[in-house]
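Observations on the model geometry
Now for the letters of each chain:
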Amino acid sequence: MLLLLQVCKALSLPPASGPVKKNRSSARFFYSIVVGWDPLHVPVRLGTGCREAPGIGKIGKTKPCHVDTEVYEREPSVRILVCVKQVPDMESTFRIDEHGKGFEESHTVFRMNSYDDYAVEESVRIKERLLDVDITALTVGTQRAQAVVRRALELGADQGVHLVTDRSQGMDALETSSRIAAFAKDQSFELLLFGVMSEDEQFSQTGPMVAALLDLPYATTVVSETISEDRQHVTVERELEGGRRQIVEMPLPAVLTVQSGINRPRYASLSNKLRARKQELQVVDANRMSPVGRCQELVRAYLPPPSETGMFLEGTLEEQAAALVRIIHENADVL
Amino acid sequence: MPGATKSIWVLAEHSDGFVQPVTYEVLTFADKVARAIQGKISVVVLAHPARPMAGQIAERTGFDVIGVDTETACHYNGEAYRNLLNSLALSGPPSFLFIPHTTMGWDLAPGIAVDLGASSLSGVCGFEADRGLLFRRRILNGKIIQDVRPIGDRPVVVTVVPGTEDPYGTKPNAPGNIQIYEREAPRTRTRVLEHVEPPPSSVDLREAEVIIAAGRGVGDAENLACIHELASLFRRGAVGASRPLCDMGLLPLTCQVGMTGQTVSPKLYIACGVSGAVQHTMGMKASDMVVAINTDRNALFCREAHYCVIADLHEFVPILINKILAFRGERPE
């Protein structure tokens, strides 16, 4: 419906009346007639002559495109910054390190924060939609964190940036955000994408902090986004409590943090995997960037006291199952 | 610290003109902090109209309420909220600003913290005031606890995890003072266009007596069959899910239990392969009896559960099904 209204506004048409107003799919259909998009929102452009989109390679399925070259070249190119974080595998057993402020890393497996998978995927989908899009993936972290920039390249990002720090844990959200903001400040990104939170800390701070530091509008917990035809605005659906959604519009450039489930992340293509392995990254020594403030002081880290856990059942699986049936029978009247 | 009363603001969360219950939980937390540091609490209500909700809070809790009434505040708009809080802070910023760690808190706290040049402590679930003020939070799915301290004399923005405290219940001697400021709608770049209610759920988990919740550990659709079978053994049994499983497309979002899904309180909640992220546990804390089936002894969910079975659920659930049928005499042991 929102889409429909925007299109009508752009074309100075009165909104269609009748069932179109109430029905999302018919709104899409109407939209498809007007601008030549198919009802499922897949970009099929009108015009003559097909032009290869720069750098798209073989990401996912390619649709036949018919792009009016002249119009296409006048459109500004959209630059997207997608920020990714390396996190420990959450299934790990953690031990406190000797400083008492973090965990021992020796046997820990690290990977990309899964919320960032969705952010990278969304940037690639925007690129498939708008074509002239350039995606830069960035991380802040020690040497080992470089793996997640390469991972983002595998998934379809064009450029990789690594802001190298010497501290691997206990990075402060303001510290990280200031680094990212300092890097992004003069780079004319139209869109900055983040995962809604990191799996390891779940504080949900970095995206909005970067936005506030750069004085950009932002939206969090985004589950869908639509960039306007003139590429001046983005309209997003934010997911709130209980599945309620809020629809918000803001001008670009803007910062979005995406919620899991916004898309279904793809597997990396072989060609992107090969490219990612060899591609040079832009490496910046974050310690040489101007000093930044912190927003907290980490005093100590420790394992939770065992008394907080529930009662573990003992014995073979058969015995545990029998015990559980007895417990359920005695405590809850449901059997 | 005699003479230096610290001002503590608690931001009320509201929806459709009603104060959200989580506001009163955060108030309990803020009240404990206030007693420890001799602070004075004011509840801040940004709304339109602001007076009814301000009145309700002042009457129920006895705390002073500052209401800012402006048209754009009838719904949450992060940019407008920041704008209004910043203008309130011009006449003296608070020492502490407490916000619920909800989608509002996630959205607002980092931004307002940058605006106020504040310390920003997010996802707090406790505090300690013996040697200076330390705030506590869980990281790595609850496997590690961190104590953090605000920096210097700056204001401190804290988001408090829902469920940390009970709703504020102390009966006041007298209602708190109410101050209402009428403000023109701040100019914002973000425009809230509309709110969309979730489609009426085909699966109303609130009616269920027993919920078998499937988490990421279930793995694939094939393994989901035994979860469905276990749920079908109970007269009012239903299958619930944690968010990752819905994101994987294995169960519809309508089955989701937690912050962005349904809030449930069955007699029995059996969580299979659920890691126990706070976004999930927020939705099932009120269950009478909670059982965890998990391969990871250190999973956060084992702390939420009354009873834990450390096992591969694909082996254990079929055995459990047999035992239940045998208990009822429907199948020989």
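Residues numbered from 1 in each chain as written. Chains lettered and ligands numbered in written order. Predicted model: local features only at pLDDT ≥ 70, side-chain atom pairs only at ≥ 80, totals over all residues.

Notes on the overall build of chain B
When helices and strands are tallied, chain B shows nine helices and 17 strands. In terms of overall dimensions, chain B has a C-alpha envelope of 75 × 45 × 40 Å along the principal axes. For chain B, the residues scored as buried account for 53% of the 333 residues in total. (Helix = DSSP H or I, 4+ residues; strand = E, 2+ residues; numbered from the N terminus. Buried ≥ 20, exposed ≤ 12 C-beta atoms within 10 Å, placed from the backbone.)

As for the interface of chain B and chain A
Taken together, the contacts link 76 residues of chain B with 71 residues of chain A. Taken together, the two bridges between strand S13 (residues 311–312) of chain A and strand S17 (residues 307–310) of chain B define a ladder with parallel strand orientation. By the bridge assignment for S17(B), Phe312(A) is matched with Cys308(B). (Contact = placed C-beta atoms within 7 Å. Pairing = 2+ DSSP bridges.)

A short note on the domain arrangement of chain B
Residues and elements named next belong to chain B. Here the domain parsing of chain B yields domain 1 (6–182) and domain 2 (205–327). On the domain 2 side, the residues contacting the six residues of domain 1 number nine residues. For the side of domain 1 that touches domain 2, the class distribution of residues is two nonpolar, three polar and one charged. (Domains from an automatic or database assignment. Nonpolar A, V, L, I, M, F, W, Y, C, P; charged D, E, K, R; others polar.)

Details of the sheet that holds strand S9 (residues 144–149) of chain B
Strand order in the open sheet formed by 10 strands is S12(A)-S9(B)-S8(B)-S7(B)-S10(B)-S6(B)-S1(B)-S4(B)-S5(B)-S11(B), with mixed pairing between adjacent strands. The sheet terminates laterally at strand S12 (297–302) of chain A together with strand S11 (178–182) of chain B, the two strands that pair on one side only. The mean inter-strand angle of the sheet, taken between neighbouring strand axes irrespective of direction, is 35 degrees. Helix H4 (residues 103–116) of chain B contacts strand S6 (96–100), strand S7 (119–128) and strand S10 (156–160) of chain B of the sheet and is inclined by roughly 155 degrees relative to S6(B). (Axes fitted to C-alpha atoms, helices over the stretch in contact; angles between N-to-C directions.)

Focus: the nonpolar core
One finds Val82(A), Val10(B), Val45(B) and Phe98(B) to be the most contacted residues of the largest nonpolar core, which totals 126 residues. Here this core gathers at least three residues from each of two domains, domain 1 (6–182) and domain 2 (205–327) of chain B. If we ignore the near neighbours within four places in the chain, the residues touching Val82(A) are Ala119(A), Val120(A), Ser123(A), Ile135(A), Ala137(A), Ala152(A), Ala157(A) and Leu193(A). Among the nonpolar cores identified, the runner-up in size contains 50 residues, and Leu230(B), Leu251(B), Ala271(B) and Ile324(B) belong to it. (Core = buried A, V, L, I, M, F, W, Y, C linked by C-beta atoms within 7 Å.)

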